[in-house]
Amino acid sequence: MSAKAITEATGKDILNRHLNQHGAGAATCRFATVNAETEWSKLSIDHPWLLTTPLVVKPDQLIKRRGKLGLIGVKKTFDQVKQWVGERLNKDQKIGNAVGKLRNFIIEPFIPHTEAEEMYVCIYSHRSADTILFYHQGGVDIGDVDAKAVKLEVPVDSALSLADVKTTLLKAVTDASKKERIAKFIYALYQTFADLYFTYLEINPLVVTADSLYILDLAAKLDSTADFICRPKWGEIDYPPPFGRDAYPEEAYIADLDAKSGASLKLTILNRNGRIWTMVAGGGASVIYSDTICDLGGASELANYGEYSGAPSEQQTYEYAKTILNLMTSSPKHPDGKVLITGGGIANFTNVAATFQGIITALREFQPKLVEHNVSIYVRRAGPNYQEGLRRMRDFGGTLGIPLHVFGPETHMTAICGMALGKRPIPQVASVEFSTANFLLPGGQQAQADLKAATSDGLSPDESDGVANTNNHQQGNSNGSNLNRKFFSNTTKAIVWGMQQRAVQSMLDFDFICRRDEPSVVAMVYPFTGDHKQKYYWGHKEILIPVYKKMSDAINKHKEVDVMVNFASLRSAYDSTLEVLEFPQIRTVAIIAEGIPENMTRKLIVEANKKGVAIIGPATVGGVKPGCFKIGNTGGMLDNILHSKLYRPGSVAYVSRSGGMSNELNNIISKATDGVIEGIAIGGDRYPGSTFMDHILRYQADPETKLIVLLGEVGGTEEYDVCAALKDGRITKPLVAWCIGTCASMFTSEVQFGHAGSCANSDRETATSKNKALQVAGAYVPDSFDTLGELIHHVYGELVKTGRIVPREEVPPPTVPMDYSWARELGLIRKPASFMTSICDERGQELMYAGMPISEVLNKDVGIGGVISLLWFQRCLPSYVCKFFEMCLMVTADHGPAVSGAHNTIVCARAGKDLVSSVVSGLLTIGDRFGGALDGSARQFSEAYDTNLHPMEFVNKMRKEGKLILGIGHRVKSINNPDVRVKIIKEFVMENFPQCPLLKYALEVEKITTNKKPNLILNVDGVIATAFVDMLRNSGSFTSEEAQEYINVGAINSLFVLGRSIGFIGHYMDQKRLKQGLYRHPWDDISYVIPEQYN
């Protein structure tokens, strides 16, 4: 929801900070807030006026008409206020049908005044204007404000003047001075309302005394989607739940997930102890599932409302599912068990298998509790990769230990609700419909052209893009006659704003399957890259589509374009749409983004109306004209487009708010009739760019459209325009209509559904009232969404009987190749992998090191040694081994700047090379002569030890062969000046390793070699190498074969490479920090051995 109510305290705080900047001349609102944690003594210190003035106290929990309900304490002392609050704090209070606890209160000074000084002011926004209401009498007994108050409309994108306020609103105020003061206040209040994106602001009463103006009671709503604009002015806003419904931490958690995600995640807890829980994909679908549950008598047991949509990731879906399951299994058991309805419509672009994997992971985690609470699960879903998703769910269901019933698009969307509530039998074997995109075989491109030529007379849609036959009545059209035209044809060309490669390819595949001659997308605009070209498929051919940095370049180079599909984010959609409206050739703009601030959307509508441009959206998936054109991801994957016969036109046109439900309508209409001729999802925001009537009148004017379907919803009054058009004859074609959200009246507190516009602000805006009005006006209205398809089929059958529709012979669609990546995702193909890995997996919910989640790696504090054991050896090694690794890294990290590796790194760094180049130059020096002797040392000592050579025999053998004993000898250190590093490692190994025979063997060799020369000691390479072999052979973690394999592959050198990299990086940073210049070796350190003469 975009328009969200705020507490009175929050509203007054905002006005305190901003209202008088516009010259309101109002007194600052003094107030203090109280809840169960309040320390009264501290409160009186922070607000000393509490002890010196009469006080007013009231609950601050979005409760209307508090005075009428006796919930205001007037002219009380501080102690009396404490008593008044104490008598009510955390006590149940019934208001209407809602019962809730009073938890938050606001205390204010009592303002002495007369009734004659009380006035009423209210400002609220609607589609075309802001309305200001004023009445010269206010207070609790004001009565019917709409009938009494004077109204002033301020059209969108217009300015309010003081003169308008005085002449229109303040006629009843006769005192000239008072009129001037009130006019300035209303003017300033409206400026604040507009600047801070309020959607509703009511003051009753506004007290106007001789010396000041006082805001006594205030109710307000903010456009929460404007947070990215207004946060610096608003501050942190806490949106309280409606009275009667407590705020749960789980709701806050999901709201936080939603805020951090590009997907949509919503959760409202209705009855924590309810037995019916839902986990529904899609904003519109979530409302329909709630409707159906309530229609079937489950309102009192419905535990939650919520939705997940917009392609959430597997991890996000897991978190959402885990939250639902935790709530479900932490409440008391129910004698009849509990049900979980995991439903949804047919997704447009969400990968069903990926989201289901997240749900399955959560179900597996909660399996014991689900069994304990006797939970039954009912699943219905379709969309991209749904076959794999349903298969995984069915397979998992067999191991869960509780009933899990799984259905796809062959089952009506809400049928599982009846099954879950025992109102409908559960099919033993569902009649599954298997379909997927056809593959185009070699030569198929020509066959496609031949098929098109053979069938062009029968199925080619009208190519005319002119104005269709119009009706005499135009007043319902918000854009005037410009919308009474065909939006799309099979020659429509579009520009796509945004790097939406998947959506563009989907549009091209749709074009191809509709037998278009050319692609519908001719260019893309993306300001964050330079001009270039992107590769796409047209059938099996590859084509290039230009991408422009500037919109003007794209428009000017492609004069045939008249549609823009705008995938810009909510922050940039407004500016990018305004920009494109400057180009007269653009006639239709589809805005996909959800969450555009309402003021911005309203300005776009005004600007589009001036230019005669049709806007579809915001917050929409778009629309589709079968056989001609589709917007973005509308219609979903090719298998659904084939399944719903969207590749050729039918006779039924529909208009819906919900994008997800538009796909479900495609499915329903394709089963009940000859198919869709056009379908538009106008968008779920409060102010969609085009209205139901805009599109219904187009369908009325189109001779090819025989039947119209309207899917409305709770909130707003646009459906009543349809009723008026039915009554006055502007709509003469059969209209099947249903408004979703009938469940809203069954809830005791207000529930905001998935779409921003789906919230009833009056009885007239309820879905039940709209459905009744539509039926009275002459529309065909089903008993529920459950029977919508049956009613459409019935009306269609009557049209066929009377000859108004003549079904055409079905022609097979052309074949389109499936993308390799998607075919593999569906499990249709297999290919040998280019790489194999057994140490790390980043694909799942979290990074895995050798099967251990990264969270566990951190929580267990395994250290860098533990990470080495996982990534190098695929197992958790004992703690002493991990400590040994870390010691080796520490002692090998550096050995000064003089050694060859550090020297090379320093020279490179001083030559201005980057970190990677400098460190690599040092690493390349590692070998048998520098640092790389570990593997050789390990081989030499282990071979001698394994062949039972006596240390003396080993030394004599190496001398005889003229080989150095690797790991023996040091340039500086000796038996008399021992290497402390060797001493530390040797002592640790001796003390902690279960056995260290090879190290002891090497120490015996050292005794012999040091007798010859004191510097022929066991060096760092030797001690690490022999200890490493002892670890491999004697830790109990490796077989002898594995131990030998690690020696053979050169694993032991890895410790020196990793350790010394630390030192090389240090030298690089040191040289940069010291700002050392280019290194040149001094001449006096070079022996120039040049021939005396040239021979």
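To keep things clear, this report deals only with the structure shown in the data block. (Residues numbered from 1 in each chain as written. Predicted model: local features only at pLDDT ≥ 70, side-chain atom pairs only at ≥ 80, totals over all residues. Heavy atoms only, no water.)

## Observations concerning the sheet that holds strand 29 (residues 652-656)
Then, in step 1: With respect to topology, six strands assemble into an open sheet ordered 28-27-30-29-31-32, the strand pairing being mixed. Only two strands of the sheet have a single neighbouring strand rather than two, namely strand 28 (629-630) and strand 32 (735-740).
Then, in step 2: Relative to strand 30 (residues 676-681), strand 29 is paired through five bridges, and the arrangement is parallel. Bridged to Val655 within strand 30 is Ile680. (Pairing = 2+ DSSP bridges. Helix = DSSP H or I, 4+ residues; strand = E, 2+ residues; numbered from the N terminus.)

## Overview of the sheet that holds strand 18 (residues 375-380)
Then, in step 1: Overall, parallel pairing links the four strands, which are arranged 15-17-18-19 in an open sheet. Each having just a single partner strand, strand 15 (276-278) and strand 19 (404-407) make up the two edges of the open sheet. Strand-to-strand twist in this sheet, taken as the mean axis angle between neighbours without regard to direction, amounts to 15°.
Then, in step 2: Judged from the three bridges that link them, strand 15 and strand 17 (residues 338-342) form a sheet pairing that is parallel. Within strand 17, the position partnered with Thr278 by the bridge is Ile341.
Then, in step 3: Its contacts with the sheet put helix 13 (residues 386-400) on strand 18 and strand 19, and the angle it makes with strand 19 is roughly 165°. (Axes fitted to C-alpha atoms, helices over the stretch in contact; angles between N-to-C directions. Contact = heavy atoms within 4.5 Å.)

## Some words on the packing of aromatic side chains
Then, in step 1: A complete count under the given rule lists 22 aromatic pairs for this structure.
Then, in step 2: Arranged with centres 6.3 Å apart and planes meeting at 15°, the rings of Phe193 and Phe198 form a pair that is stacked.
Then, in step 3: Residue Phe193 is classed as buried on the basis of its relative accessible area of 1%.
Then, in step 4: In this structure an aromatic cluster arises from ring pairing among Trp872, Phe873, Tyr880, Phe884, Phe885, Phe993, Phe1028, Phe1038 and Tyr1046.
Then, in step 5: Cation over ring: Lys4 sits above Tyr239, and NZ or CZ is 5.2 Å from the ring centre.
Then, in step 6: The cationic tip of Arg698 hangs over the ring face of Phe487; the distance from NZ or CZ to the ring centre is 3.8 Å. (Phe/Tyr/Trp six-rings, centres within 6.5 Å; stacked < 30°, edge-to-face > 60°. Buried < 20%, exposed > 50% of the residue type's maximum accessible area, 1.4 Å probe, protein only. Lys NZ or Arg CZ within 6 Å of the ring centre and 35° of its normal.)

## Let's talk about a nonpolar patch on the surface
Then, in step 1: Taken together, the side chains of Leu915, Val916, Val920, Leu924, Ile1065 and Met1069 make up a nonpolar region of the molecular surface, amounting to roughly 540 Å² of accessible area.
Then, in step 2: Of the residues forming the nonpolar patch, the biggest block, three residues, is contributed by helix 31 (residues 915-923).
Then, in step 3: With respect to the helices and strands, the residue Val916 is situated in helix 31. (Patch = residues over 30% accessible without salt bridge, like charges linked within 9 Å, V, L, I, M, F, W, Y side chains within 5 Å. Areas by Shrake-Rupley, 256 points an atom, 1.4 Å probe, with all protein chains shown as cover. Salt bridge = Lys/Arg side-chain N within 4 Å of Asp/Glu carboxyl O.)

These values are about where atoms sit, not about what they do.
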